[in-house]
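Okay, here's what each chain looks like letter by letter:
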Amino acid sequence: GCKESDAAVAEFIRLQRTIAKIQLRTPPNPRYAGHGPKTLIDAQKASLKFDDSMWLGFEGVDIEAELDLGANAALRKITVSCLEDMNSWIFFPTAVEFFTSQDGVDYQSAGSVTYGIPRRNTEAAMRFFSAPLANVMTRYVKVRVKNVGVCPEWHKGAGGKAWVFADEIIVE
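Residues numbered from 1 in each chain as written. Predicted model: local features only at pLDDT ≥ 70, side-chain atom pairs only at ≥ 80, totals over all residues. Heavy atoms only, no water.

Chemist: Is there a simple way to explain the overall build of the protein in this structure?
Modeler: Of the regular secondary structure elements, the protein holds one helix and seven strands. For the protein, the succession of helices and strands along the chain, N to C, is α-β-β-β-β-β-β-β. By the compact-globule yardstick of 16 Å for 172 residues, the protein fits well, its C-alpha radius of gyration being 15 Å. Counting only C-alpha atoms, the protein reaches 45 × 35 × 30 Å along its principal axes. (Helix = DSSP H or I, 4+ residues; strand = E, 2+ residues; numbered from the N terminus. Rg over C-alpha atoms; globule rule 2.2 N^0.38 Å.)

Below you can see the structure in the form of structure tokens.
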């Protein structure tokens, strides 16, 4: 499956750079709000259980997070960790877009990852979505995680709002 190995998770936590501030353009659903926006930068990996309080859940909307690293840093990679649990109407994002900025106002694209149409999966799974960077000097990072929007026609919740869940944004 898509489950990340324990070694990958440990490495992921080790590489997490301290992030001074995080702002979310859209708040998570109050039922899955973790410990607020900081849940995404606390270096605490969630389990495959969507309700373990390490996940932030967004119903029918994209996740857009802006990070302030506190100072310029040379970045090699930005990663977002997401959950899929189709039995709970939670789908991997269709795309994750990454942006960098020197001033927090003008952002440049730093790459994107597309995931495409959801395929039927009965198991809960976790996946890292990453954009490699060539030591880009930046202070601000923006991440947009695209929700599939509605459950596909083959799903038991067809036409209903789909969820997108994230637990960590890693900047290295």
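Chemist: Looking at this structure, I do not really get the environment of Phe 165. What am I missing?
Modeler: Here Phe 165 is to be found in strand E7 (residues 163-171). Among the residues examined, Phe 165 registers a relative accessible area of 1% and is labelled buried. In this structure the C-alpha to C-alpha distance between Phe 165 and Gly 116, which are 49 residues apart in sequence, comes to 16 Å. With residues up to four places along the chain from it excluded, the contact list for Phe 165 reads Tyr 32, Phe 50, Trp 55, Leu 56, Gly 57, Ser 81, Cys 82, Leu 83 and Ile 90. (Buried < 20%, exposed > 50% of the residue type's maximum accessible area, 1.4 Å probe, protein only. Contact = heavy atoms within 4.5 Å.)

Chemist: Just to check I follow, could you spell out unusual backbone geometry for this structure?
Modeler: Trans peptide bonds make up the majority, and among non-glycine residues the majority have a negative phi. Even without being a glycine, Ser 53 presents a positive backbone phi close to 75°. Its place among the elements puts Ser 53 in the loop between strand E1 (21-24) and strand E2 (56-59).

Chemist: Please explain the packing of aromatic side chains as it appears in this structure.
Modeler: A complete count under the given rule lists eight aromatic pairs for this structure. Pairing Tyr 32 with Phe 50 gives two aromatic rings, centres 5.7 Å apart and planes at 65°, and the pair type is edge-to-face. Pair noted here: Tyr 32 is in the loop between E1 and E2 and Phe 50 is in the loop between E1 and E2, with a separation of 18 residues, a long-range link. What makes Tyr 32 buried here is its relative accessible area of 15%. The exposure class assigned to Phe 50 is partly exposed, which follows from its relative accessible area of 21%. Residues Tyr 115 and Phe 129 carry aromatic rings whose centres are separated by 5.8 Å and whose planes lie at 85° to one another, so their mutual orientation is edge-to-face. Of this pair, Tyr 115 sits in the loop between strand E5 (108-114) and strand E6 (125-146) while Phe 129 is found in strand E6, placing the two residues 14 residues apart along the sequence. Relative accessible area serves as the criterion here: at 26%, Tyr 115 is assigned to the partly exposed category. (Phe/Tyr/Trp six-rings, centres within 6.5 Å; stacked < 30°, edge-to-face > 60°.)

Chemist: How do you make sense of the side chain of Glu 84 when you look at a structure like this?
Modeler: Note that Glu 84 resides in strand E3 (residues 63-84). Buried within the structure, Glu 84 lacks any salt-bridge partner; its nearest side chain of opposite charge belongs to Arg 127, at an N-O separation of 7.1 Å. Looking at Glu 84, its side chain comes within polar contact range of the side chain of Asn 121, at 2.8 Å. Sequence-distant contacts of Glu 84, defined by excluding residues within four places in its chain, comprise Ile 90, Phe 91, Phe 92, Asn 121, Glu 123, Ala 124 and Ala 125. (Lys, Arg positive; Asp, Glu negative; His and termini not counted. Salt bridge = Lys/Arg side-chain N within 4 Å of Asp/Glu carboxyl O. Polar contact = N/O pair within 3.5 Å; in protein donor to acceptor, adjacent residues only side chain to side chain.)

Chemist: Please explain the nonpolar core as it appears in this structure.
Modeler: Looking at soluble globular proteins, one finds that nonpolar side chains tend to be buried together. In this structure, Leu 67, Ile 78, Val 80, Phe 98, Val 143, Val 145 and Ile 169 are the most contacted members of the largest nonpolar core, which totals 31 residues. When contributions to this core are tallied by element, the ones reaching two or more residues are E1, E2, E3, strand E4 (95-101), E6 and E7. Considering each element in turn, this core owes the most residues, nine residues, to E3. The residues touching Val 143, leaving out its near neighbours within four places in the chain, are Ile 63, Glu 64, Ala 65, Ile 78, Val 80, Val 96, Glu 97, Phe 98 and Ile 169. Ranked by size, the runner-up nonpolar core spans nine residues in total, among them Tyr 32, Trp 55, Ile 90 and Phe 165. (Core = buried A, V, L, I, M, F, W, Y, C linked by side-chain atoms within 4.5 Å.)

Chemist: Honestly, the environment of Glu 172 in this entry has me stumped. Any pointers?
Modeler: Along the polypeptide, Glu 172 turns up in the segment after E7. Classification of Glu 172 as buried rests on a relative accessible area of 10%. Here the alpha-carbon distance between Glu 172 and Pro 132, two residues 40 residues apart in the chain, equals 9.6 Å.

Chemist: When you look at the pattern of salt bridges in this model, what are you seeing that I'm missing?
Modeler: If the charged atoms of two oppositely charged side chains come close together, the side chains can form a pair. Counting across every chain of the model gives eight salt bridges. Here Glu 66 makes a salt bridge to Arg 25, at a shortest N to O gap of 2.9 Å. On the criterion of sequence distance, the pair formed by Glu 66 in strand E3 and Arg 25 in the loop between E1 and E2 is long-range, its members being 41 residues apart. Close ionic contact of Arg 144 with Glu 64 constitutes a salt bridge, the shortest N to O distance being 2.8 Å. Here the residue Arg 144 occupies a position in strand E6, and Glu 64 occupies one in strand E3, the gap between them amounting to 80 residues. Several salt bridges share partner residues, and in doing so they unite Glu 64, Glu 97, Lys 142 and Arg 144 into one network.

Purely geometric stuff here, so don't read any function into it on its own.
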